[in-house]
Each structure stands twice: as C-alpha cells, then as structure tokens.
Amino acid sequence: ELGQVSPTRFIPVAEATGLILPLSQWVLESACKQIAAWAANGTPLQVAVNMSAQQFRQRDLPEKVMQVLAHTGAKAEWLVIEITESAAMAQPEHARDQLNALVSLGCSVALDDFGTGYSSLSYLKALPVKELKIDKSFMDGVPHDADDVAISLTIIGLAKNLGRSLVAEGVETQAQLDFLRAHGCETYQGWLFSKALPATELTYLLTTPTQTTAA
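Residue indices follow the written sequence of each chain, beginning from 1 at its first position. At least 70 in pLDDT is required for a residue's local features to be given in this predicted model, at least 80 for side-chain atom pairs to be given and counted, and no such filter applies to totals for whole chains, interfaces and linings, which use all residues. For the side-chain quantities, the full set of heavy atoms in the structure was used; hydrogens and water were omitted.

Moving on, we come to the overall build of the chain. Each helix is a run of DSSP H or I of at least 4 residues and each strand a run of E of at least 2, with the numbering of both proceeding from the N terminus. A tally of helices and strands in the chain yields 11 helices and 5 strands. Three labels apply to residues, based on accessible area from a 1.4 Å probe with only protein chains included: buried if under 20% of the type maximum, exposed if over 50%, partly exposed otherwise in between. For the chain, the residues scored as buried account for 37% of the 215 residues in total. Sequence-distant contacts, at least 24 apart, represent 64% of the contacts inside the chain between residues at least 6 apart. Each accessible area value is a Shrake-Rupley result obtained with a 1.4 Å probe; residue values ignore everything except the protein chains displayed when judging cover. With an accessible surface of roughly 11,900 Å², the chain has 55% of that area assigned to carbon and sulfur atoms. Positive and negative side-chain charges in the chain, numbering 15 and 23 respectively, have mean positions lying 5 Å apart. For this analysis, residues touch if any pair of their heavy atoms sits within 4.5 Å. Charge convention: Lys and Arg are scored as positive, Asp and Glu as negative, and His as well as the terminal groups of each chain are ignored. In this description, the location of a charge corresponds to atom NZ of lysine, CZ of arginine, CG of aspartate or CD of glutamate.

Okay, here's the thing in structure tokens:
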C-alpha cells in the first residue's frame, strides 16, 4: 500500500515497538546468506551490515554473529559490521569490547555517519575500526559549501593520519567525486555509481563484462 518506505521512517517505529531486534537479526542472516551465495558463485563480495543501537548493546551479539556465520556458511572476512559514531560513543568501553570480539571472529568494522556524533579521539583510536564513513549530510554541500568542504577535508586528513580506510557516503554528482579524488578519498558509495539494487541485479553486474569502471 505504501510502496517503498525509507529506513528513516520505519526504523524509529521498529525501535519504539521493540521490533528492531528481530528485524536486525533477519537482516544479518539475509546478508550472510548472500555472502555465502556470492562466494559459492565465484564472486565473493564484502557486505556491510548496519547494527542498530539496541542490537549493538546486546551482550551476546558476538555469539549471535558467530552462530549466523556458522549456519549460513558465510566467511567472516566478507562481513563488515557498521555502527554509527553515536552508538559507539554512547558506551565507549562496551563498544570497544564488542568490536574487539567481532574483529576476533574475522569481521571488519566501519564507523558510520562519521562527523555527526561527538567522538573522543582518545576513544576512537582505541576502537578496532578499519573504516570511517563520511556522512552524506556533509557530502551534500561539496564542493560549494565551505563548511561542508572543511569538515570533509578534516575527516579525510584524520582518517589518513590514523591509518583508517575512508568511504564517502551519498556521492551523487561528478563534482563531488572530483573533489574526493583530488583530496585522496578514492572510495565512495552513492547514486553516481548505482542506485540500490536487488541482489539478483547486482549479481548480474558482477558477472557481466562491462566497459564502465568506477571507484
């Protein structure tokens, strides 16, 4: 009846009603099944799964991830756990323990929506985070908004100095991509590359020769 509903609408409802935990578990299992399927087809691909704040607070989260990996046959090296900066900084010691346990399984960790929270750099350097993601809200103004440019450049410099990988979210224009490449951020996600696709269509792109190249 409603058609496609944005996560910004349904996730708050799921969190308020308690449905976010079973929904998050379904997302994790579905992602791991797809990881296993792509690997079996000879096109292994890393898949990032966003962890909700409630899900991340579960003490047995690492055990649940391990169980899902075991019964789906997915390799941990292809699973990237994404948590928001705000979720990580809400309970830094707990975040460190959770992320260390997930990394010990073989997963990678990305800090999502970076720049929108209130990170303590002393905590940030202690977290086993492999990747920082520049939030789309900053990319929206690049390259014309001076404040967004300054913030984006600061995050790029921070990632480089900390030895973290960097991904820019919400890249939709060639001008944004040119800015990122000029300043050393070679990885991006957004509609400039592709809109969201069902797994079947992405599988087709992975297995079909093309003349197009993208970062």
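Our next topic: the nonpolar core. If you look at the biggest cluster of nonpolar residues, it comprises 48 residues, and the most contacted ones within it are V65 and L79. When residues of this core are assigned to their parent elements, the largest contribution, 6 residues, is made by helix α2 (residues 20–40). Think of a nonpolar core as a cluster: buried Ala, Val, Leu, Ile, Met, Phe, Trp, Tyr and Cys residues, connected wherever their side-chain atoms sit within 4.5 Å.

Our focus in this paragraph is the sheet that holds strand β5 (residues 165–168). Here we have 5 strands laid out as an open sheet, ordered β1-β2-β3-β4-β5, and parallel in their pairing. For this open sheet the edge positions go to β1 (47–50) and β5, each flanked by a neighbour on one side alone. Averaged over neighbouring strand pairs, the angle between their axes works out to 30° when direction is ignored. For helices, the fitted line uses only the C-alpha atoms of the stretch in contact; every axis is such a line through C-alpha atoms, and the angle between N-to-C directions lies from 0 to 180 degrees. On top of the sheet, α2 reaches β1 and β2 (79–84); it is set at about 175° to β1, its chief contact. When DSSP finds at least two bridges between two strands, those strands are taken to pair.

This brings us to helix α4 (residues 61–72). Each helix should span, by expectation, one fewer than its residue count multiplied by 1.5 Å. Taking 1.5 Å of rise per residue, 12 residues should cover 16 Å, and α4 covers 16 Å from first to last C-alpha, within 8% of that figure. The complete set of buried residues in α4 reads L61, P62, V65, V68, L69 and T72. For α4, the angular spread of buried residues about the axis comes to 125°, placing them on one side. Structural note: α4 exposes Q67, A70 and H71 on the side pointing more than 90 degrees away from its buried face. Those residues of α4 hidden inside the fold are in contact with α2, α3 (53–56), β2 and α6 (92–105). Downstream of α4 by one or two residues, G73 has phi in the positive range, about 80°. Arc definition: it is the arc formed by the directions from the helix axis to the C-beta atoms.

With that settled, the discussion passes to the confidence of the model for the chain. Residue-level confidence of the predictor is summarised by pLDDT, bounded by 0 at the bottom and 100 at the top. When pLDDT is averaged across the chain, the result is 92; 96% of the residues are at 70 or more. Across the chain, the secondary-structure element scoring lowest on mean pLDDT is helix α7 (residues 121–126), at 82, and the one scoring highest is α4, at 98. pLDDT under 50 marks residues 211–215. Its contacts with residues more than four places away, or in other chains, come to 5 contacts.

Attention shifts here to a nonpolar patch on the surface. Together, L197, Y204 and L205 make up an exposed nonpolar region whose accessible area comes to about 310 Å². Among the structural elements, Y204 can be located in helix α11 (residues 199–207). Like charges are joined within 9 Å and nonpolar side chains (Val, Leu, Ile, Met, Phe, Trp, Tyr) within 5 Å, but only among residues with over 30% relative accessible area and no salt bridge; these make up the patches. Salt-bridge detection follows one rule: a side-chain nitrogen of Lys or Arg within 4 Å of a carboxyl oxygen of Asp or Glu.

Both strand β3 (residues 108–114) and strand β4 (residues 131–134) contribute to a ladder of 3 bridges, which runs parallel. Within β4, the position partnered with A110 by the bridge is E131. In the sheet, β4 pairs with β5 via 4 bridges, with the strands oriented parallel. The residue of β5 that forms the bridge with E131 is S165.

The next subject is the environment of R96. Tracing the sequence through the fold places R96 in helix α6. We classify R96 as partly exposed; its relative accessible area is 34%. Taking C-alpha positions, R96 is 7.3 Å from A126, a pair spaced 30 residues apart along the chain.

Now for unusual backbone geometry. Of the consecutive residues V142 and P143, the connecting peptide bond is found in the cis state with omega at 5°. Mapped onto the secondary structure, P143 falls in the loop between α8 (136–139) and α9 (146–162). Notably, D113 is not glycine yet its phi reads approximately 55°, a positive angle. Since its relative accessible area comes to 23%, D113 is described here as partly exposed.

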